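Results of the structural survey
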Amino acid sequence: MNRWMDECMYVGDYLLTAVAIGKNVGLLPLGSDAGVLARDVGDLKNNHQKYLSKNQIDEMTEATVVWARATPEDKLVIVKSLQRKGHIVAMTGDGGKIDR
């Protein structure tokens, strides 16, 4: 994108709710293909619930604007992916606790 700042949203809600919120706040243009711009964070994991490779995750985060059913840990995986790609990232609004 050619803007000086890109936004993405990750929420704990289900995908249909996340898409509706994304459209309501203007992240997903009305009539856009939400199947391309919105994902469930389950896509970041394999059948054994382990995160995919960094390269696979980086490919997903490049194209995804809205993430659904995200835990605080998932959000950090997404943020780290964006940082690996050279993005400056800020995350706000999460009150969840992450054990490290």
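Just so we're clear, the structure is a prediction, and the values are computed from it rather than from any experiment. (Residues numbered from 1 in each chain as written. Predicted model: local features only at pLDDT ≥ 70, side-chain atom pairs only at ≥ 80, totals over all residues. Heavy atoms only, no water.)

1. Quick look at helix α3 (residues 54-63)
Among all positions in α3, only I57, D58, M60 and T61 are buried. End-on, the buried residues of α3 take up no more than an arc of 165 degrees, which puts them together on one face. Of the exposed residues in α3, the ones pointing more than 90 degrees away from its buried face are N55, E59 and E62. In the core, the buried residues of α3 are packed alongside β2 (38-40), β3 (66-68) and α4 (72-84). (Buried < 20%, exposed > 50% of the residue type's maximum accessible area, 1.4 Å probe, protein only. Helix = DSSP H or I, 4+ residues; strand = E, 2+ residues; numbered from the N terminus. Arc of directions from axis to C-beta. Contact = heavy atoms within 4.5 Å.)

2. Overview of the environment of L37
Here L37 lies in helix α2 (residues 34-37). Look past the residues within four positions of L37 in its chain and what remains in contact with it is L28, P29, S32, A63, T64, V65 and V66.

3. A few points about unusual backbone geometry
We note that Q49 has phi near 60 degrees; this positive angle belongs to a residue other than glycine. If you trace the backbone, Q49 turns up in the loop between β2 and α3. Note on Q49: relative accessible area 54%, which makes it exposed. At R69, a position not held by glycine, the phi torsion is positive, near 55 degrees. Structurally, the position occupied by R69 is in the loop between β3 and α4.

4. Observations regarding the sheet that holds β3
With parallel pairing, the three strands of this open sheet are ordered in space as β1-β3-β2. Lying at the two open borders of the sheet, with one neighbouring strand each, are β1 (9-10) and β2. As defined by bridge partners, β2 adjoins β3 across three bridges and the pair is classed as parallel. Paired with A38 across the two strands is V66, which belongs to β3. Running over the sheet, helix α1 (residues 15-24) touches β1, β2 and β3 and is turned about 150 degrees from β3. (Pairing = 2+ DSSP bridges. Axes fitted to C-alpha atoms, helices over the stretch in contact; angles between N-to-C directions.)

Functional significance is not addressed by these values, which are geometric in nature.
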